[in-house]
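In case you want the letters, here they are:
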Amino acid sequence: TWARRARALALAGRHAPALEAAGRALELEPAHFGAHMQRGAAPRGLRRFGEALEAYEEALRVHPWADGVATNAWLAQRSLDLSNGKAPPAAAERR
């Protein structure tokens, strides 16, 4: 399937083709969980963190109960913040 192809391409470090394959999978089956996850993972691999975050947020709308989606959305947001020069909060601020 296109979703499996996206995963295999991503594992091989070929994130741009993985993103295309995930998109094709979602065209055929808009609620496919694996395709949504790859639709977030591929742009993360390309360091396009805003796009990854949007994809993970869409995955949360479709699969709010699924393991790993919220964590990946948080990681994408964190990476986006860091790439934009936002410093992590100090330890005292996190308490």
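Scroll up a little and you will see the structure.
About the criteria used
Residues numbered from 1 in each chain as written. Predicted model: local features only at pLDDT ≥ 70, side-chain atom pairs only at ≥ 80, totals over all residues. Heavy atoms only, no water. Axes fitted to C-alpha atoms, helices over the stretch in contact; angles between N-to-C directions. Helix = DSSP H or I, 4+ residues; strand = E, 2+ residues; numbered from the N terminus. Parallel < 35°, antiparallel > 145°, perpendicular 65-115°, else oblique. Left-handed = near helix turned anticlockwise from the far one by under 90°. Contact = heavy atoms within 4.5 Å. Nonpolar A, V, L, I, M, F, W, Y, C, P; charged D, E, K, R; others polar.

(A) Just the packing of helix 3 (residues 33-45) against helix 4 (residues 49-62), in detail. In the contact formed by helix 3 and helix 4, the axes pass within 7 Å of each other and the chain directions differ by 165°. One element, helix 3, and the other, helix 4, form an angle in the roughly antiparallel class. Of the two possible hands of crossing, helix 3 and helix 4 adopt the one that is left-handed. On helix 4, the residues that touch His36, Met37, Arg39, Gly40, Ala41, Pro43 and Arg44 of helix 3 are Phe49, Glu51, Ala52, Ala55, Tyr56, Glu58, Ala59 and Val62. Per-class residue counts for the contact of helix 3 with helix 4 are nine nonpolar, two polar and four charged.

(B) Main features of the packing of helix 1 (residues 2-11) against helix 2 (residues 15-28). Where helix 1 meets helix 2, the closest approach of the two axes is 8 Å, and the angle between their N-to-C directions is 165°. If you check the angle between helix 1 and helix 2, you find them roughly antiparallel. Judged by the sense of rotation from one axis to the other, the crossing of helix 1 with helix 2 is left-handed. Packed against helix 1, whose contacting residues are Trp2, Ala3, Arg5, Ala6, Leu9 and Ala10, the element helix 2 presents His15, Pro17, Ala18, Ala21, Ala22, Arg24, Ala25 and Leu28 at the interface. By residue class, the composition of the contact of helix 1 with helix 2 is 11 nonpolar, one polar and two charged.

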